[in-house]
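Tertiary structure, described
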Amino acid sequence: MYPAILEQGSRAPWLARYPAEVPPSLEYPRERVWWLLQEAARKHGERVACRHYRQELSYADLWQAARSTASRLAALGLKAEDRVGVLLPNCPEYLASVYGVWLAGGTVVSLSPLMVAEEIAGLLRITDCRIVIALDLLAPLVLREEETSPETVLVATLQNRLPFWQRLGYRLARVKRGAWRSTDPSATISCDCVTPETTTSVAPPPHRDTPGQPAYILCTGGTTAAPKAVVLSHRNLIANAWQVRAWAGGRCGQDTVLAVLPFFHSYGLSTCVTAGVAMAATLVLHHRFEPQTVIRLMERHRPTVFYAVPTMLAMLNERLRAAPADLSSLEFCISGGAALEPAVAEEFAAHSGAVVVEGYGLSEAGPITHVNPLNGTARPGTIGLPLPDTEARIVALDRPERTLPSGQVGELAVRGPQVMTGYWNDPEETARVLRDGWLYTGDLATCDADGFFCIKGRKKDLIVTSGFSLYPADVEYVLRQFSGVADAAVVGVPDPQRGEVVKAVLVLKKGHRFDRRAFDAFTEEHLSKHKRPRLVEVVDDLPRNFLGKVLRRKLREAHCDRVPIEETPAEGTA
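Since the structure is predicted, the reported quantities are computational estimates derived from the model, not experimental observations. (Residues numbered from 1 in each chain as written. Predicted model: local features only at pLDDT ≥ 70, side-chain atom pairs only at ≥ 80, totals over all residues. Heavy atoms only, no water.)

**Focus on the overall build of the protein**
From N to C terminus, the protein includes 16 helices and 27 strands. Look at the contacts in the protein between residues 6 or more apart in sequence, and 70% of them connect residues 24 or more apart. When the accessible surface of the protein is summed, it comes to about 23,600 Å², and 51% of that surface belongs to carbon and sulfur atoms. (Helix = DSSP H or I, 4+ residues; strand = E, 2+ residues; numbered from the N terminus. Contact = heavy atoms within 4.5 Å. Areas by Shrake-Rupley, 256 points an atom, 1.4 Å probe, with all protein chains shown as cover.)

What follows is the structure in structure tokens.
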């Protein structure tokens, strides 16, 4: 099946641009996601699957670790499609945990280390999640009041894997957060010493031919009281992994991937956790993006592939200008999560020698739907072409059933095997964005005669900061709880490093004065890091239309003419 973009232009020019090494249609394994790791272990068992600090696990080791985790979960009474929360950074235990959950027949609920306790509790509540696998430092976020805590919390630790000085800091952090109280030796999981002798065999779950069952649930929006969660099936995850592998030329057993994109985010999940394993790549894991650390990892481990967001590339460029490094091992770099400035891509390509291209996706689509070709025909400033078996079209905003001709701006709609099954227990919202299999993305875009797509803006006021998407209403809901705030509006303001930063425009209650220190303390307690406003402005009233709806466009325009009362100091990537 050729992508439906052929409806918008002549067939010949589009096919001429489609990479010859990438088939427009693929055959997908009718398996569950754990099969990817089993196959990698069967065909490339001795190959290094992941490196984390000084630890290395082969694919055979990682498969054993996943089986061990599955055995633990089965012993806890995990049943088919039961939800298991995973609250871990990028580490071997994350890989063993998610593949272990899938092997045991469960569904992974992605819990972000950036979340606050309230957000985690809300997601656990709506998914009826009774088992959580967490890092010991993060376990206190889960173990709160007895009535909101899950039945079982399995913990992992990085303490014994860290260099000496970091190990001391880690121990101090555990004491400060009270994490030591939640560490029960009988409830620990580890990838430090997994061998066949320590692993109890677990039989694959029944109904292996039903890959349409839910595999992964991740929060993508909604208020703390009612978060909106995307449900991706086994078929969705397998398909996107297969598509990414095909786009990379069908490579297998050759690549080393620098895996610093957070695995709890759909972008890191697809490119590293599933596609990386489908490619039997060696994953160099690190839990946080720091330019100097990333450069050091590149020089030491010589990765061939780097998945990034524009913020990362901009920060690396800044560091490399001052201190050049040997990044010549990189063959290609794919940037997503936000618009990539062509100048940023060109500079990083000059520093590294890699092919740097832009792609596009959203959590509801597995997430990747478009990528520029890697064969030298990429078009800077565009998101490229649809992946194999992915249909894409630009539709009229007032008549979504009408496909617009080339060059006109409309809403981007996509359809393919990677598109989600829906939102968790939210049929109304699912029906709003999924119609006849088409996912209406809410992004404004164009398509040229050769089939290259270009994002022009957002139909709604979604804010994308450092590759993370957030809805203004989520932040406003929390800000209105702050003492003295009568009303609040949140907009995204362009930022050269993060793409956008969050700006809050506040209306205070009569007689109240704004205390920025208290405000920042409040947001640190109730909002994830990437959701916290960096810019704050106090106004007498918010601009509204005749229906009372806040005109965010006017707030963004006014930002150019006003100076915010205070700005949070810049930090690293959220």
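That was the structure; now back to the text.
**Examining unusual backbone geometry**
Here Gly366 and Pro367 are connected by a cis peptide whose omega angle stands at 10°. One can find Pro367 in the loop between β13 (355–361) and β14 (368–371). Of note in this structure, Tyr53 is not a glycine but carries a positive phi near 55°. Residue classification places Tyr53 among the partly exposed residues on the basis of a relative accessible area of 23%. With a phi angle near 50°, Ala280 is a residue other than glycine that sits in the positive phi range. Classification of Ala280 by relative accessible area gives buried; the value is 1%. (Buried < 20%, exposed > 50% of the residue type's maximum accessible area, 1.4 Å probe, protein only.)

**Things to note about the side chain of Thr311**
With respect to the secondary-structure elements, Thr311 resides in helix α11 (residues 310–322). For Thr311, a relative accessible area of 2% corresponds to the buried category. Among the polar contacts made by the side chain of Thr311, one reaches the main-chain carbonyl oxygen of Gln497 at a distance of 2.5 Å. (Polar contact = N/O pair within 3.5 Å; in protein donor to acceptor, adjacent residues only side chain to side chain.)

**Looking at the packing of helix α3 (residues 59–75) against helix α4 (residues 92–103)**
The N-to-C vectors of α3 and α4 enclose an angle of 55°; their axes lie 7 Å apart at closest approach. The angle between α3 and α4 falls in the class oblique. The chirality of how α3 crosses α4 is right-handed. Facing Leu62, Trp63, Ala65, Ala66, Arg67, Thr69, Ala70 and Leu73 of α3, the residues of α4 in contact are Pro92, Leu95, Ala96, Ser97, Tyr99, Gly100, Val101 and Leu103. The residue makeup of the contact of α3 with α4, split by class, is 12 nonpolar, three polar and one charged. (Axes fitted to C-alpha atoms, helices over the stretch in contact; angles between N-to-C directions. Parallel < 35°, antiparallel > 145°, perpendicular 65-115°, else oblique. Left-handed = near helix turned anticlockwise from the far one by under 90°. Nonpolar A, V, L, I, M, F, W, Y, C, P; charged D, E, K, R; others polar.)

**Quick word on helix α2 (residues 34–44)**
Taken together, the buried positions of α2 are Trp34, Trp35, Leu36, Leu37, Glu39, Ala40 and Ala41. Along its buried surface, α2 packs onto α3, α4, α8 (234–247) and α9 (266–278).

**Examining the pattern of salt bridges**
Applying the stated criterion to the full structure yields 24 salt bridges. For Lys43, the salt bridge goes to Glu39, with nearest N and O atoms at 3.5 Å. Pair noted here: Lys43 and Glu39 are both in helix α2, with a separation of four residues, about one helical turn. When salt bridges with common partners are traced through the structure, they connect Glu476, Arg480, Asp487 and Arg552 into a single cluster. (Salt bridge = Lys/Arg side-chain N within 4 Å of Asp/Glu carboxyl O.)

**What to know about the confidence of the model for the protein**
Of the residues in the protein, 86% have a pLDDT of 70 or more, and the chain-wide mean is 86. Scored below 50 in pLDDT, residues 1–16 makes 39 contacts in the model with residues more than four places away or belonging to other chains. (pLDDT = per-residue confidence, 0-100.)

**Observations regarding the packing of aromatic side chains**
Within this structure, the stated rule accounts for 10 aromatic pairs. With a centroid separation of 5.3 Å and an interplanar angle of 55°, the aromatic rings of Phe514 and Phe519 are classed as tilted. The pair formed by Phe514 and Phe519 is uniform in burial state, with each residue classed as buried. One aromatic cluster is present, formed by Phe482, Phe514, Phe519 and Phe522 through successive ring pairs. Here Arg393 stacks its cationic end above the ring of Trp438, 4.2 Å away from the centre of that ring. One cation-aromatic arrangement involves Arg435 over Tyr440; the distance from NZ or CZ to the ring centre is 4.0 Å. (Phe/Tyr/Trp six-rings, centres within 6.5 Å; stacked < 30°, edge-to-face > 60°. Lys NZ or Arg CZ within 6 Å of the ring centre and 35° of its normal.)

**Overview of the sheet that holds strand β12 (residues 332–335)**
If you trace the nine strands from one edge of the open sheet to the other, you get β2-β1-β10-β9-β11-β12-β13-β14-β15, paired in mixed fashion. Looking along the sheet, the strands with just one partner apiece sit at the ends: β2 (55–58) and β15 (385–386). One ladder, built from four bridges, connects strand β11 (residues 305–308) with β12; its direction is parallel. Counterpart to Val305 in the pairing with β12 is Phe332. Running at roughly 85° to β2, α3 makes contact with β1 (48–52) and β2 of the sheet. (Pairing = 2+ DSSP bridges.)

**Digging into the nonpolar core**
Among the nonpolar cores identified, the biggest contains 149 residues, and Leu36, Tyr99, Trp102, Phe306, Tyr307 and Phe348 are the most heavily contacted of them. Broken down by element, the residue count for this core peaks at eight residues, all from α4. Leu479, Phe482, Phe514 and Phe519 belong to the second-largest nonpolar core, a separate cluster that totals 17 residues. (Core = buried A, V, L, I, M, F, W, Y, C linked by side-chain atoms within 4.5 Å.)

**Some details on the side chain of Ser266**
For Ser266, the location among the structural elements is in helix α9. Every residue in contact with Ser266, bar those within four places of it in the chain, is listed here: Leu218, Ser363 and Pro367.

**A closer look at the environment of His526**
Within the fold, His526 resides in helix α15 (residues 516–526). On the basis of relative accessible area, His526 is assigned to the buried category, the value being 16%. Sequence-wise, His526 and Val478 are 48 residues apart; in three dimensions their C-alpha atoms are separated by 7.1 Å. Once you skip the residues sitting within four places of it in the chain, His526 turns out to touch Val116, Glu118, Glu119 and Val478. There is a polar contact of 2.5 Å between the side chain of His526 and the side chain of Glu118.

**Description of the environment of Gln292**
Mapped onto the secondary structure, Gln292 falls in helix α10 (residues 291–301). The sequence separation of Gln292 and Leu320 amounts to 28 residues, and the corresponding C-alpha distance is 9.2 Å.

**Some remarks on the environment of Cys272**
Examined against the element boundaries, Cys272 turns out to sit in helix α9. Put simply, Cys272 and Pro262 are 10 residues apart on the chain and 9.4 Å apart in space, counted from C-alpha to C-alpha. The residues touching Cys272, leaving out its near neighbours within four places in the chain, are Val257, Ala259, Phe263, Val277, Leu283 and Tyr307.

**Notes on a nonpolar patch on the surface**
A grouping of Phe164, Trp165 and Leu168 is seen on the molecular surface, where their side chains present a nonpolar patch of about 370 Å² in accessible area. In this structure, Trp165 sits in helix α7 (residues 164–177). Classification of Trp165 as exposed rests on a relative accessible area of 67%. (Patch = residues over 30% accessible without salt bridge, like charges linked within 9 Å, V, L, I, M, F, W, Y side chains within 5 Å.)

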